[in-house]
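Spelled out, the chains give:
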Amino acid sequence: MREPRISLTAGRTGTGKSHYAAWELEEYAQQSVKNPFIVLDMKPLNHIGLAALPRAKAIIIKKNTQRLNWKRIIQENPRLVVVKGKGVELETIISIYTQIMQICYDNYAGQHVLIEEAHNFAGLHDTIEPVKQLVLEGRGAGISVQFVTPHIQDFSKTVYREAELIIGKTLTQQDIEYFKGTIPNYENLNTQLKKYEFIKRTQEGETSIVRAGKRTTKHYG
Ligand SMILES: Nc1ncnc2c1ncn2[C@@H]1O[C@H](COP(=O)(O)OP(=O)(O)O)[C@@H](O)[C@H]1O
Ligand SMILES: [Mg+2]
């Protein structure tokens, strides 16, 4: 079994973080057709292309979507791309995704979850309970979580400390200060970054510059 992993991909809008996170998910999905995943997206299109992976299915939360039996849906569909349809309230989506994360934590050893706009679930002062459980205890059950956010200043420090970091080029002094404390040689690496490149800092503290390989599914982000 692969090592369960918590990762955080952060960067300004347009730095390519969703594209990169989805590429990592594709790599994992291609290792074995049995590898399960759940993508929790906050936009209608962004990651919908991932539903073209073998055995995967997309579910669009619409404005008038009735209550769904998520436990059953997850049981029947080991690879799910869940997306927020147009006009659906943020509160509704947060509540549904919270429920899904709780189900993953309670029932699914070996699950892999990708969470977009993750500051909504792992905020600086208000990280939801299932995220705390997934991050602090999920790896023991073989659960991996990929967090993606453009808002590092609003993001949970607890998750940040636990995560492998993948950071796009930073322009503001405030963000530079933020990463400087945890990533060795950060300022120097940051100035070297080209378009769609990221600084990666593993949980063991090793740093390198990385970029996504070729995507097999279409990215709409
Ligand atoms: N490595 C890459 N190679 C080519 N195009 C990329 C790459 N990374 C991102 N893009 C493109 O750049 C745009 C923004 O990428 P996206 O990942 O959606 O940004 P973000 O999530 O950081 O806002 C998209 O059109 C995407 O297809
Ligand atoms: Mg994005």
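In case you missed it, the structure is sitting above this.
Counting starts from 1 at the beginning of each chain's written sequence and moves along it residue by residue. Naming scheme: in the order in which they are written, chains are lettered from A and ligands are numbered from 1. The predicted nature of this model means local features are confined to residues of pLDDT at least 70 and side-chain atom pairs, given and counted, to a pLDDT of 80 or more, with totals for whole chains, interfaces and linings taken over all residues.

Draft legend 1. View of the site of ligand 1. Neighbouring ligand 1 are 13 residues; Gly16, Ser18, His19, Tyr196 and Gly221 lie closest to it. The dominant element in the shell around ligand 1, judged by the number of residues it contributes, is helix α1 (residues 17-31), at three residues. Asp, Glu, Lys and Arg are counted as charged, while Ala, Val, Leu, Ile, Met, Phe, Trp, Tyr, Cys and Pro are counted as nonpolar; the rest, among them Gly, fall into the polar class. Taken together, the residues that form the shell around ligand 1 break down as two nonpolar, nine polar and two charged. Whether a residue is near a molecule or strand depends on its C-beta atom, placed from the backbone, lying within 6 Å of it. Starting at the N terminus, helices and strands are each numbered in turn, a helix being any DSSP run of H or I of at least four residues and a strand any DSSP run of E of at least two.

Draft legend 2. Region of the structure containing the sheet that holds strand β7 (residues 164-168). Here, strands pair whenever DSSP counts at least two bridges between them. Spatially, the nine strands line up as an open sheet ordered β3-β4-β2-β5-β6-β1-β7-β8-β9, and their pairing is mixed. Taken across any chain shown, the strands that pair with only one partner, and hence form the sheet edges, are β3 (56-61) and β9 (207-211). Across the sheet, the mean angle separating the axes of adjacent strands is 15° when strand polarity is ignored. Bridge count for strand β5 (residues 112-115) against strand β6 (residues 144-149) is four bridges, and the pairing is parallel. Among the inter-strand pairings, Leu114 is bridged to a residue of β6, identified as Gln146. Here an axis means a line fitted to C-alpha atoms, over the contact stretch when the element is a helix, while the angle between two N-to-C directions is reported on a 0 to 180 degree scale.

Draft legend 3. Spatial organisation of the pairing of β6. For the exposure call, what matters is how many other C-beta atoms sit within 10 Å of a residue's own: 20 or more marks it buried, 12 or fewer exposed, and in between partly exposed, using C-beta atoms placed from the backbone. Counting buried positions along β6 yields six of six residues, so the element is predominantly enclosed. Neither face of β6 is left uncovered, since the one carrying Ser144, Gln146 and Val148 and the one carrying Val145, Phe147 and Thr149 both have all their residues buried. Pairing analysis gives five bridges linking strand β1 (residues 6-10) to β6, with the strands arranged parallel. Along β6, the bridge assignment pairs Ala10 with Thr149. Every crossover in which the path from the first strand over the helix to the second runs clockwise, viewed with the strands pointing away from the viewer, is termed right-handed. Following the backbone out of β5, through helix α4 (residues 129-137) and into the adjacent parallel β6, one traces a crossover that is right-handed.

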